[in-house]
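A look at the structure
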Amino acid sequence: MYSFNLRFPNGKSRAMTFSYDDGIPADLRLVELLNKYGVKCTFNINTAFYDNGKEPDNRLKKSQIKEIAENPLCEIACHGHTHPYYNALPMATVTNDIIVNRKNSEAITDKIVRGFAYPYGPFNETSEAALKAANIVYARTTKSTKAFDLPENWLQWHPTCHHRDCLELFDEFILSDNKKWHAPKLMYVWGHTYEFDNNNNWELIEELLEKATKEEDIWFATNMEIVEYVEAFKELVFSADGNTIYNPTRFDFWALCNANWQPGSGRIIKIPAGEVTRV
Ligand SMILES: [Zn+2]
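A brief report on the enclosed structure follows. Computed from a predicted model, the values in this text were never measured in an experiment. (Residues numbered from 1 in each chain as written. Predicted model: local features only at pLDDT ≥ 70, side-chain atom pairs only at ≥ 80, totals over all residues. Heavy atoms only, no water.)

As for the environment of Asp197
- Examined against the element boundaries, Asp197 turns out to sit in helix H6 (residues 193-198).
- For the pair formed by Asp197 and Met224, sequence separation is 27 residues and the distance between their alpha carbons is 27 Å.
- Look past the residues within four positions of Asp197 in its chain and what remains in contact with it is Ala26, Arg29 and Trp202. (Helix = DSSP H or I, 4+ residues; strand = E, 2+ residues; numbered from the N terminus. Contact = heavy atoms within 4.5 Å.)

Considerations on the coordination of the zinc ion
- The protein atoms that coordinate the zinc ion are Asp22 (OD), His79 (NE2) and His83 (NE2), at distances spanning 2.1 to 2.2 Å.
- Each donor residue of the zinc ion belongs to the same chain, with the gaps between them written as D-x56-H-x3-H. Placement of the pair is Asp22 in the loop between strand S2 (14-21) and helix H1 (27-37) and His79 in the loop between strand S4 (74-78) and helix H3 (91-109), with a sequence separation of 57 residues. Note on accessibility: Asp22 and His79 belong to one class, buried. (Donors = N, O, S within 2.8 Å, 3.2 Å for Na, K, Ca; no water. Buried < 20%, exposed > 50% of the residue type's maximum accessible area, 1.4 Å probe, protein only.)

Considering the pattern of salt bridges
- Summed over all chains, the structure comprises 14 salt bridges.
- We note a salt bridge from Asp217 to Arg14, for which the minimum N-O separation is 3.1 Å. Taken together, the positions of Asp217 in the loop between helix H7 (202-214) and strand S9 (218-220) and Arg14 in strand S2 put the pair 203 residues apart, joining distant regions of the chain.
- Bridged by salt links that share partners, the residues Arg114, Glu228 and Arg250 form one connected network. (Salt bridge = Lys/Arg side-chain N within 4 Å of Asp/Glu carboxyl O.)

Shown next, in the form of structure tokens:
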């Protein structure tokens, strides 16, 4: 085998994911748009607002969070119990904030919650170690890359852009030619839904969703679905020549595979769960 590159489910070369912070009522309007277009999104919540049985008006109700968690298009992830600046805090305090946030999120959703977005965005070695201790598997920053690569470190998952830049970058995302030889592409958009209310620009996200769902070569996934697919793909077992592949996982995988070094001879192959595939 000459080259082998991950492709997303059904052989798609591109994926899109969304991440919205703070668990506010305007999230429900975004969920309506997700339902309309069949696009997936991760919502990151703070849980201290619900301490002592409180349910403040400027946050989602617990019942609404549970409803979002049960929507197959949505994932609930953590965003810090009290939304503190982690960089200024000691390890024990950060670790406690994350674990309390996880436990409360899991109690509200009745699901296992292992995703995270850094409150305000900053991160350092202490917060990364604390996330590992809490068995969080990915954490989104606010550092826009304006690029379409999968992250090297899931605990420093830099998004492509804030939604204010999404239309311009989406055109670039689609035009960038990766079909034959290169790695898969990911466009990761983040923001706060209250910004659409404040800037009176809900049409921005709707235009993006409308354009994106017209493209056939995009897999729409929650943050966690991307992590699980990409990590499980690393478990593929190859023969020495690379031409026999055993998939020990529960996922069907797709890959762009070039069996010899002739340019242009690459093709998309499916590698079914639990089976041996020969290329
Ligand atoms: Zn926030």
